[in-house]
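Chain residues, written in single-letter form:
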Amino acid sequence: MAVQESSQVKQQLLEKGWDRGWTDRLQVGNFYIPRMIEDIIADSFKPRGKICILSIDGGGMRGIIPARILAHLEQSLQRKSNNPKARIADYFDVAAGTNSGGITATLLLTPDENGLPLFQPQQICDLFAKKGNPIFKSSLLSRLIKSQQPTKQIERFLKQILIRDTQELTLRDTLKPLLIPCYDLSSSGAFLFSRAGAMEAEEWNFPLWQICRATTASPLWFRPAQVRSVDGKTVCTAVDGGLVMNNPTASAITHVLHNKKEFPTVGGAKDLLVLSLGTGQFDQSLQYEKVRRWRPDQWAKPMMNVVADGISDMVDHTVSLAFSDCHQNYLRLQPSGGAALGMDDPSPSNVKRFLKMADDLLEQKSLEYSPFGGKIELTQTNAERLDWFADQLIQEQKSRALRTSPTAILKQAALAPSKPLP
């Protein structure tokens, strides 16, 4: 039996404290339902949207390669959105990075005095090219002459960027969630610096320059880093995050899937849009006759490459399997080679090679893992896939403006840095 609409009954309900959303009703056939319920039902059938994740591998000076790729992406976003002020940080919900990738992710999400991203990708390319020489040249000289490796150059570099007016910028100051790994020698385990953790408690909030110092503390080049939380309660003895998490893509995905406070609608891979950028595969062939008599010191650098590349490749393979039913939601760009080009070689000629590797990668046919079938070559180039990815990022932002339920609920902190220097 149909429920009769009555302004008198409606007024009585309102007087009793009923919300207007429950008293305004919509007729569906012979029945009336509260308009609030109608809105909820309609919204449940709308696409939930996708959380956009950026992940950047470690690689020392090879960090120029993903920075160059991101410069191409940012230009594409600006062109397609007709917004010359569009920035990478506007389109990604989370950024993760290891080693030099951690520096890139941090600089992309750190605000300037006006609340805008501190750096653009091309500026990061230029920064690596300019600052790489004093950092690594000093480190190499020290390794040849002294027993102790220097850290003054890299610490000075990081402090110049991430300390503002004697105030240390911290995890709480970033524009979007940031994830940076290291290995903590004091606890014998991997440690993930997270903005989400920092927003919950001061004991998980760390100065950004210290975080970048921690994730780049490769034992081959720099001393371990002692990192202290803002309140001094948490202390890490950190070395390079690339030793355990050179490709942080899986960690970023796991973080999003389990962070229901900030990403309440995410249910699985279909609700994600992931861009993962590598810094070059280790493709050097080492035959038995060459390596069987190597001394431990001869294994040092090759083993670093094997470990870092092996971790990165296994993560790529695992994530590809997880996205097998929605493979278009996951884009991994990894240049072949690059291992022969030194991570610690800041020479102008090596910088040019890295830039050329990035440009060549964009023109190459894209590769994708086929479930249990290895990598296959696609018909599209990496530039075409990256441009398609830019379309998806723009469409996602447009769709969010039309949804009644938020896709991401990010905690915001005041722009003023939270920790003054002593």
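Presented here is a report on the structure given in the accompanying data block.

A full pass over the atoms with the stated rule returns 16 salt bridges. Put simply, K80 and D391 hold a salt bridge, and the shortest N to O gap is 3.2 Å. With a gap of 311 residues between them, K80 in helix α4 (residues 64-81) and D391 in helix α16 (residues 382-400) connect regions that are remote in the sequence. Judged by its relative accessible area of 31%, K80 falls in the partly exposed class. By relative accessible area, which is 34% here, D391 ends up partly exposed. Ionic pairing is found between D360 and K356, a salt bridge with its closest N-O pair at 2.8 Å. Residue D360 and its partner K356 are both found in helix α15 (residues 348-363); the two are separated by 4 residues, about one turn of the helix. Its relative accessible area of 32% is what places D360 among the partly exposed residues.

Right, let's talk about the environment of A408 for a bit. Here A408 shows up in the loop between α16 and β15 (419-420). The spatial distance from the C-alpha of A408 to the C-alpha of K260 is 9.4 Å, given a sequence separation of 148 residues.

Judged by how many residues are buried, helix α6 (residues 100-109) sits mostly within the fold: 10 of 10 residues are covered. Here α6 has its buried residues at S100, G101, G102, I103, T104, A105, T106, L107, L108 and L109.

Cut-off values and rules
Residues numbered from 1 in each chain as written. Predicted model: local features only at pLDDT ≥ 70, side-chain atom pairs only at ≥ 80, totals over all residues. Heavy atoms only, no water. Salt bridge = Lys/Arg side-chain N within 4 Å of Asp/Glu carboxyl O. Helix = DSSP H or I, 4+ residues; strand = E, 2+ residues; numbered from the N terminus. Buried < 20%, exposed > 50% of the residue type's maximum accessible area, 1.4 Å probe, protein only.

As far as function goes, none of this settles anything; it's purely spatial.
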